[in-house]
Amino acid sequence: VAMTAADVQPRETCGDHWKRWKPWLIKNYLVLGFLFVIALALSWPLPGRELGSHTSGDFPIAQTCCIVVIFFISGLTLKTADIKKALGQPAALAYGIITILLVTPMMGFVLVQIPFEPVEFRYGLALFACVPTTLTSGVTLVTSALGNGVMALMLTVTTNILGVFTVPFILNAVLLSAPGGDSGGTDTDMAETAAKLLLKLIISIIIPMGAGKATREFVEQAPSFTTKYKTELGLTNNSCLIAIVWISISNSRGKLVRESALNIFVIVVAGVLLHLFFLTMNWVMTTAVMKIPEAERRAVLLMASQKTLPVAVTIIAYLDEAKWGAQGLIAIPCIVGHVSQLFIDAYIASIWAGQDPKEIDERNAAKRAGVGAEEAESKAERGASSEARVGVAAAGEVKA
């Protein structure tokens with residue numbers, strides 16, 4: 001049978017496969033990256049451990065470089081109009097700050113009473129609830145979720161600076177409430193921790209972000225560059241975040257594999273449930289109660305539900321091991337809590353990435369307008385009915 005040219009199906013090339021899979025890979029890059037580096041860190045921790053072992057003073061060089069890159073890009077893409085928009089939602093901003101610094105840390109008083117084994121796990125999870133929101137991952141996730149990245153940045157910087165002064169005192173109260181509890185560190189230790197953390201925040205977040213913003217304002221080509229390479233800049237941010245997680249898991253691999261599978265499973269489930277509880281609480285407040293605009297709602301919902309690992313690990317280093325046990329074991333709940341919240345929120349962000357916040361706001365406004373119109377029509381009908389009844393009654397009186 002003779003075959004015509006139309007009957008011959010062209011073979012797919014590598015380029016065709018790449019075009020088909022590229023959008024999916026970009027959309028799920030963060031989750032896929034986490035899966036890869038966790039498998040790599042558990043099977044071969046040496047590269048990540050070596051990369052994270054180099055320090056300059058109190059600064060881990062690799063992690064600090066990743067944080068600097070993330071926040072320089074954040075500043076470079078920072079639009080003044082977005083800042084004004086974020087400040088235009090003071091209720092959302094205030095809710096986020098209060099929830100991050102005061103409301104969610106109250107869970108520490110509950111967690112420290114739960115009899116996890118080993119006992120260090122209860123201290124670690126309670127400490128994790130007390131620290132501020134994430135330094136890096138939250139902003140990246142909010143941006144990839146089409147949320148208000150500026151609102152996320154403001155919550156990150158504000159709560160982590162204020163948290164320097166609030167966390168030591170809240171944490172001391174939580175530890176004192178533990179069975180047989182006592183202060184885990186002196187006031188001098190806590191003051192030194194606060195000062196060092198503040199310095200790290202200024203150097204690794206505020207200065208790079210300010211430099212990025214200045215570059216955008218004073219370099220003429222910067223705005224067009226960020227628009228043209230928006231996807232590439234986003235992937236760079238995600239890659240830096242993946243690198244930080246890789247280093248963290250590589251450093252903790254030895255402690256993780258020595259614990260029993262059941263203990264690890266229990267604390268992982270506890271970390272997941274803690275984050276789901278925060279997400280549920282904040283969803284109710286931002287969606288059903290406050291009705292915050294969608295882009296800002298996404299930012300507040302994610303940022304007010306996350307907790308930062310670097311701050312937690314910094315504080316752990318100043319706890320008295322003779323009283324609270326091995327610092328490495330205390331760190332494990334913080335690590336698994338951090339990783340689990342990244343996976344959960346990365347999944348949420350991937351769903352939101354396909355939903356335009358402006359369209360959602362327009363639909364919500366239309367619904368509210370429709371409900372308002374229905375209420376107005378109902379009131380008008382009730383008023384007309386009432387007038388009709390009055391008219392009938394008056395007519396009856398006239399006849400009488």
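It should be emphasised that the depicted structure is a prediction, and the values quoted were computed from it without experimental measurement.

(A) Expanded view of the overall build of the protein. Tallying secondary structure elements over the protein gives 19 helices and two strands in all. A total of 400 residues make up the protein; the buried ones form 44% of that total. Sequence-distant contacts in the protein: of pairs separated by 6 or more residues, those separated by 24 or more amount to 85%.

(B) Region of interest: the confidence of the model for the protein. With 84% of its residues at a pLDDT of 70 or more, the protein has an overall mean of 82. Element-level mean pLDDT values for the protein span from 70 in helix α19 (residues 357–399) up to 94 in helix α7 (residues 107–111).

(C) Just empty space enclosed by the protein, in detail. In the structure shown here, the tally under the stated rule is three cavities of 30 Å³ or more. Roughly 70 Å³ of volume is contained in the largest cavity. Ile67, Thr134, Leu135, Thr136, Ile244, Thr308, Leu309, Pro310 and His338 together form the lining of the largest cavity.

(D) Expanded view of the side chain of Thr64. Inspection of the secondary structure assignment puts Thr64 in helix α4 (residues 61–76). A residue is classified by how much of its surface remains accessible, and Thr64, at 15% relative accessible area, is buried. Ignoring sequence-local partners within four residues, the contact set of Thr64 consists of Phe59 and Ser204.

(E) Highlighting the packing of helix α8 (residues 120–130) against helix α18 (residues 327–352). Where α8 contacts α18, the axes come no closer than 7 Å and their chain directions differ by 50°. By the angle between their axes, α8 is oblique relative to α18. Of the two elements, α8 crosses α18, and the hand of that crossing is right-handed. From α8, Glu120, Phe121, Tyr123, Gly124, Leu125, Leu127 and Phe128 reach across to α18, where they touch Leu329, Ile330, Ile332, Pro333, Cys334, Gly337, His338 and Gln341. Grouping the constituent residues of the contact of α8 with α18 by class yields ten nonpolar, four polar and one charged.

(F) Representation of a nonpolar patch on the surface within the structure. A surface patch of nonpolar side chains, about 540 Å² in accessible area, is lined by Leu262, Phe265, Val266, Val269, Leu273 and Leu276. Residue Val266 is classed as partly exposed on the basis of its relative accessible area of 35%.

(G) Representation of the environment of Gly33. Along the polypeptide, Gly33 turns up in helix α2 (residues 29–43). Distance from Gly33 to Leu241, taken between C-alpha atoms, is 9.4 Å for residues 208 residues apart in sequence.

(H) Broad picture of the pattern of salt bridges. For the structure shown, the criterion picks out three salt bridges. Here Arg297 ties to Glu294 by a salt bridge, and the two come within 3.0 Å at their closest N and O atoms. Linking Arg297 with Glu294, this pair stays in helix α15 (residues 294–303), spanning three residues, or about one helical turn. There is no split in this pair, since Arg297 and Glu294 are both buried. Two residues, Arg298 and Glu294, come together in a salt bridge whose shortest N-O distance is 2.8 Å. In this pair, Arg298 and Glu294 are both assigned in helix α15, four residues apart and thus about one turn of the helix distant. A residue is classified by how much of its surface remains accessible, and Glu294, at 5% relative accessible area, is buried.

(I) Region of the structure containing the side chain of Ser340. Within the element layout of this structure, Ser340 appears in helix α18. Engagement of the side chain of Ser340 in a polar contact is seen with the backbone oxygen of Gly337, the distance being 2.9 Å. When neighbours within four sequence positions are excluded, Ser340 is seen to be in contact with Gly271 and Val272.

(J) Quick look at the layout of surface pockets. Of the volumes computed, that of the largest pocket is approximately 1400 Å³. If you go around the largest pocket, you meet 45 residues; those closest to its centre are Thr143, Ser144, Leu146, Gly147 and Lys230. Ranked by residue count, the leading element in the lining of the largest pocket is helix α13 (residues 230–258), at seven residues. Residue composition of the lining of the largest pocket, grouped by class: 20 nonpolar, 16 polar and nine charged.

(K) Local environment of the nonpolar core. By size, the foremost hydrophobic cluster in this structure holds 91 residues, and its most contacted members are Phe71, Leu127 and Leu155. The element that contributes the greatest number of residues to this core is α18, accounting for 13 residues.

(L) Inspection of α2 at higher detail. Here α2 is 15 residues long and its end C-alpha atoms lie 21 Å apart, about the 21 Å a rise of 1.5 Å per residue gives. Every buried residue belonging to α2 is among Leu30, Gly33, Phe34, Val37, Ile38 and Ala41, and all of these are buried. Summarising the axial view, the buried residues of α2 lie within an arc of 130°, below the 170-degree limit, and thus occupy one face. Opposite its buried face, α2 presents the exposed residues Leu35, Phe36 and Ser43, each directed more than 90 degrees away. Summarising the contacts, the buried residues of α2 are in contact with α9 (137–144), α13 and α18.

Calculation criteria
- Residues numbered from 1 in each chain as written.
- Predicted model: local features only at pLDDT ≥ 70, side-chain atom pairs only at ≥ 80, totals over all residues.
- Heavy atoms only, no water.
- Helix = DSSP H or I, 4+ residues; strand = E, 2+ residues; numbered from the N terminus.
- Buried < 20%, exposed > 50% of the residue type's maximum accessible area, 1.4 Å probe, protein only.
- Contact = heavy atoms within 4.5 Å.
- pLDDT = per-residue confidence, 0-100.
- 1 Å grid on protein atoms, 1.4 Å probe; cavity = no way out; pocket = protein on both sides within 12 Å on 5 of 7 lines; lining within 4 Å.
- Points joined across faces, edges and corners; volume = space filled by probe spheres on them.
- Axes fitted to C-alpha atoms, helices over the stretch in contact; angles between N-to-C directions.
- Parallel < 35°, antiparallel > 145°, perpendicular 65-115°, else oblique.
- Left-handed = near helix turned anticlockwise from the far one by under 90°.
- Nonpolar A, V, L, I, M, F, W, Y, C, P; charged D, E, K, R; others polar.
- Patch = residues over 30% accessible without salt bridge, like charges linked within 9 Å, V, L, I, M, F, W, Y side chains within 5 Å.
- Areas by Shrake-Rupley, 256 points an atom, 1.4 Å probe, with all protein chains shown as cover.
- Salt bridge = Lys/Arg side-chain N within 4 Å of Asp/Glu carboxyl O.
- Polar contact = N/O pair within 3.5 Å; in protein donor to acceptor, adjacent residues only side chain to side chain.
- Core = buried A, V, L, I, M, F, W, Y, C linked by side-chain atoms within 4.5 Å.
- Expected span 1.5 Å × (residues − 1).
- Arc of directions from axis to C-beta.

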